[in-house]
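In case you want the letters, here they are:
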Amino acid sequence: GKYFNFFPTKKMSIPVDSSFVIKNGTVSTQLANRVVKAVDWTFDKNIVMKNELMLLDLLATNKWERPIYFATTGSPESYLNLQDYFQLEGLAYRLVPIKSTPQEQQMSGTRVATDTMYNNMMKFSWGGMEKKGVYLDENITRTCSLIRIRMGTLAAALVNEGKKDKAMKTADRCLEVMPEENVPYDATIYSLVVTYYQLGANEKANKLAKRLFDIFEANMNFYIGLGKKAKEYEQEMRQAQEIMNRLTYMAKSNKQDAVAKDFEARFNVFAQLFRN
């Protein structure tokens, strides 16, 4: 006998005035043909929290007059299932009335606004974290790994669009502002190795690949040295083997025979151990 507030449907829609979103710069003229008539999506939850209700109200009343951004560090649950209409512009996603294609989602997770993101990342003030001897605590270091992922995504998207000069500058800038001595190299560096190989910068790619291989080889030796306790690190060991295997493949496929031969011989040592 009690009444409760409820949505009669999980199907949501935001109307789009195509001429307006192009006029105010929400969508560039080059992408005018991709503007949808309405942003349609499914709110796939059974309850609505107050923060979500506030966001839904914002979406309903904004009418594309002001940009709406979501932090890339946020939980996917906070995106209200709107990811199909996100474009990556740096360390934030912007909601736009353009639906990402399956190819864009497969490659980068979402569409990358390469020109906007490139300008944002290249002029960003990094706070001096590239200076020699600066200390970055655990939280900042973890954030830096996320930034590396985003810059790797940008570099890959630029390569895909044929903007090789910008892709090279993006990869170089990533290593410059987050040097290994301040932000230890990890799996997030792999995408930059791929970028350098794709750009034909084999010397840079080999140098980075060798360093990354050394790191994961040392990790594997450490885990194996733990004896029976090594089982507690099975996930980390699988990741190490995967990265080493991929580095070997990249060197081989880019005709860096000496590097590939060295990687393969060292990787086979671990493969033999696991076969035994």
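Now for a quick tour of the structure.

The rules behind these values
- Residues numbered from 1 in each chain as written.
- Predicted model: local features only at pLDDT ≥ 70, side-chain atom pairs only at ≥ 80, totals over all residues.
- Heavy atoms only, no water.
- Helix = DSSP H or I, 4+ residues; strand = E, 2+ residues; numbered from the N terminus.
- Contact = heavy atoms within 4.5 Å.
- Lys, Arg positive; Asp, Glu negative; His and termini not counted.
- Charge placed at Lys NZ, Arg CZ, Asp CG, Glu CD.
- Pairing = 2+ DSSP bridges.
- Buried < 20%, exposed > 50% of the residue type's maximum accessible area, 1.4 Å probe, protein only.
- Salt bridge = Lys/Arg side-chain N within 4 Å of Asp/Glu carboxyl O.
- Polar contact = N/O pair within 3.5 Å; in protein donor to acceptor, adjacent residues only side chain to side chain.
- Core = buried A, V, L, I, M, F, W, Y, C linked by side-chain atoms within 4.5 Å.
- Expected span 1.5 Å × (residues − 1).

Here's the deal with the overall build of the chain
Step number 1: Counting secondary structure elements, the chain contains 10 helices and 6 strands.
Step number 2: Nonlocal contacts in the chain, meaning residues at least 24 apart in sequence, comprise 64% of its contacts between residues at least 6 apart.
Step number 3: Across the chain, the centroid of the 38 positively charged side chains sits 2 Å from that of the 31 negatively charged ones.

Quick word on the sheet that holds strand β4 (residues 86-88)
Step number 1: With mixed pairing, the 4 strands of this open sheet are ordered in space as β3-β5-β4-β6. Each having just a single partner strand, β3 (69-71) and β6 (111-112) make up the two edges of the open sheet.
Step number 2: The pairing of β4 with strand β5 (residues 92-95) spans 3 bridges and is classified as antiparallel. Residue pairing in the sheet places Q87 in a bridge with R94 of β5.

Observations regarding the side chain of R111
Step number 1: Inspection of the secondary structure assignment puts R111 in strand β6.
Step number 2: Buried charge without a salt bridge: R111, with E104 as the nearest opposite-charge side chain at an N-O distance of 4.6 Å.
Step number 3: Side-chain polar atoms of R111 contact the side chain of Q87, separated by 2.3 Å.
Step number 4: Ignoring sequence-local partners within four residues, the contact set of R111 consists of L31, R34, F86, Q87, L88, V96, I98, S100 and E104.

Description of the pattern of salt bridges
Between side chains of opposite charge, a pair can form as their charged atoms come close.
Step number 1: All told, the structure shown has 17 salt bridges when counted by the stated rule.
Step number 2: For R266, the salt bridge identified is with E217, shortest N-O distance 2.6 Å. With a gap of 49 residues between them, R266 in helix α10 (residues 257-275) and E217 in helix α8 (residues 202-224) connect regions that are remote in the sequence. By the burial criterion, R266 is buried, and E217 matches it.

Focus on the nonpolar core
Step number 1: If you look at the biggest cluster of nonpolar residues, it comprises 78 residues, and the most contacted ones within it are W41, L59, L82, M178 and L247.
Step number 2: Per-element tally for this core: the top contributor is α8, with 9 residues.
Step number 3: Those residues in contact with M178 that sit more than four places away from it in its chain are M129, C144, I147, R148, M151, V183 and Y185.

Things to note about helix α6 (residues 164-177)
Step number 1: Its 14 residues give α6 an end-to-end C-alpha distance of 20 Å, which sits within 8% of 20 Å, the value for a rise of 1.5 Å per residue.
Step number 2: All buried positions along α6 are accounted for by A167, T170, A171, R173, C174, L175 and V177.
Step number 3: The inward-facing, buried residues of α6 abut α4 (114-123), α5 (138-160), α7 (190-198) and α8.

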